[in-house]
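One letter stands for each residue in the lines below.
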Amino acid sequence: MARCRSYLRGLAICVTVLLLVSGVVMIGVGFSSIEGNTPVAQLFEHLLSSSDGLLALQVFGPLTVVLSILGICAATLDLKPLLLVFAALIFVEFVALMVVASPLVQVQAQMDSAVDELFLNVTPLYRAEPYIQNELKKLQASDSCCGLRSFEDWDTQLPGSCVCTPPTHLPASDLQPNSQPGNSSSEGPCVMVVTQKLWVHSKPCGPILKSYLSFPIKLRIGIISAFATIAITAIALCLVLGLEKYWKTPPVETTVDDFNRVKYQPKPSLT
């Protein structure tokens, strides 16, 4: 029993240290800005909201660090009342954070639909602002993609960044223009634009831009989910240690009286 309790105590210390690390990560992400790395940011300026989930991380991050230090002290010194207080405070923080952060999932879904609508409204791309065109051309050149939904977003004015070099080992028949626009080559990365007799990238840039936009929100959801898992584990361990007297079976000793009767009584405590 003593060995099991030592194991639980050591595990509680490790979990509270992980909780401390999660608090530090929450502070780091909460007070840093990662939206600036989004390509064509001007196109999505009305969709990018640095406040989504950031305030929760900025508030609950320092709180988690403080409570984690309290929990580490309680587990190290084996102070049962303090362990129970720590478990109660972490539970309150856990519930509050879940309530505050729950809209992030809805924000993720709304962003996907808003981006799809934006892609529809901004086409044809050759009419977009020069800055947007230049940034999109850079993305097309670096990620081998063309257009937002497809190369047809550029209409007939395809930029050079959309040009794709077809595989040289294709048969001659596959390198000939197809009768239907948009048919892809047998290798897949390139597609022939029949009207211009030009090979362009078949992969659209829209999903790539969506991944850039959704990454900050997904990161915050992941951090909060990790905190929730660690917090629940810490609460369970601290409750087990703090309420030890209610679940631990006291050791007993047996004695035999003069009438050969066996008596069971708890062993005297050394504390």
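These lines cover the structure that appears in this document, whether it is placed above or below. Keep in mind that what you see is a predicted model, and the values were worked out from it rather than measured.

Criteria and cut-off values
- Residues numbered from 1 in each chain as written.
- Predicted model: local features only at pLDDT ≥ 70, side-chain atom pairs only at ≥ 80, totals over all residues.
- Heavy atoms only, no water.
- Axes fitted to C-alpha atoms, helices over the stretch in contact; angles between N-to-C directions.
- Helix = DSSP H or I, 4+ residues; strand = E, 2+ residues; numbered from the N terminus.
- Parallel < 35°, antiparallel > 145°, perpendicular 65-115°, else oblique.
- Contact = heavy atoms within 4.5 Å.
- Nonpolar A, V, L, I, M, F, W, Y, C, P; charged D, E, K, R; others polar.
- Disulfide = S-S within 2.5 Å.
- Buried < 20%, exposed > 50% of the residue type's maximum accessible area, 1.4 Å probe, protein only.
- Salt bridge = Lys/Arg side-chain N within 4 Å of Asp/Glu carboxyl O.
- Pairing = 2+ DSSP bridges.
- Patch = residues over 30% accessible without salt bridge, like charges linked within 9 Å, V, L, I, M, F, W, Y side chains within 5 Å.
- Areas by Shrake-Rupley, 256 points an atom, 1.4 Å probe, with all protein chains shown as cover.

1. Topic: the packing of helix 4 (residues 103-122) against helix 6 (residues 206-242)
Turning to step 1, where the next piece is worked out: Running from N to C, helix 4 and helix 6 point in directions that differ by 170°, and their axes come no closer than 10 Å. As the angle between them shows, helix 4 and helix 6 are arranged roughly antiparallel. In this structure, helix 4 uses L104, V105, V107, Q108, M111, D112, V115, D116 and F119 to contact helix 6, whose residues at the interface are G206, L209, K210, L213, S214, I217, K218, R220, I221 and I224.
Turning to step 2, where the next piece is worked out: Classifying every residue of the contact of helix 4 with helix 6 by side-chain character gives 11 nonpolar, 3 polar and 5 charged.

2. Structural notes on the state of the cysteines
Turning to step 1, where the next piece is worked out: Taken as a whole and assessed by the stated rule, the structure comprises 3 disulfides.
Turning to step 2, where the next piece is worked out: The residue that forms a disulfide with C146 is C162, at a sulfur-sulfur distance of 2.1 Å. Torsion about the S-S bond of the C146 and C162 cystine: about 90°, corresponding to right-handed handedness. Taken as a pair, C146 in the loop between helix 5 (130-143) and strand 1 (190-193) and C162 in the loop between helix 5 and strand 1 lie far apart in primary sequence, 16 residues in all.
Turning to step 3, where the next piece is worked out: C146 sits in the buried class, given a relative accessible area of 1%.
Turning to step 4, where the next piece is worked out: The residue that forms a disulfide with C164 is C190, at a sulfur-sulfur distance of 1.8 Å. Negative torsions about the S-S bond denote left-handed disulfides, and the value of about -40° found for C164 with C190 makes this one left-handed. Note that C164 is positioned in the loop between helix 5 and strand 1 and C190 in strand 1, a separation of 26 residues in sequence.

3. Some points on the pattern of salt bridges
Turning to step 1, where the next piece is worked out: Counted by the stated rule, this structure contains 2 salt bridges.
Turning to step 2, where the next piece is worked out: Where K138 meets E135, a salt bridge forms, and the shortest distance between an N and an O atom there is 3.5 Å. Here K138 pairs with E135, and both are found in helix 5, just 3 residues apart, close to one helical turn.
Turning to step 3, where the next piece is worked out: Overall, K138 belongs to the exposed group, its relative accessible area being 54%.
Turning to step 4, where the next piece is worked out: A salt bridge links R149 to D153; the shortest N-O distance between them is 3.2 Å.

4. Points about the pairing of strand 2 (residues 198-201)
Turning to step 1, where the next piece is worked out: Here strand 1 pairs with strand 2 via 4 bridges, running antiparallel. Bridged to V193 within strand 2 is L198.
Turning to step 2, where the next piece is worked out: What sits between the antiparallel neighbours strand 1 and strand 2 is a turn of 4 residues, in which K197 has the positive phi angle 50°.

5. Comments concerning a nonpolar patch on the surface
Turning to step 1, where the next piece is worked out: Residues F91, V92, V95, V99 and V100 make up a contiguous nonpolar surface patch of about 460 Å² in total accessible area.
Turning to step 2, where the next piece is worked out: Structurally, V100 is set in helix 3 (residues 80-101).
Turning to step 3, where the next piece is worked out: Classification of V100 as partly exposed rests on a relative accessible area of 48%.

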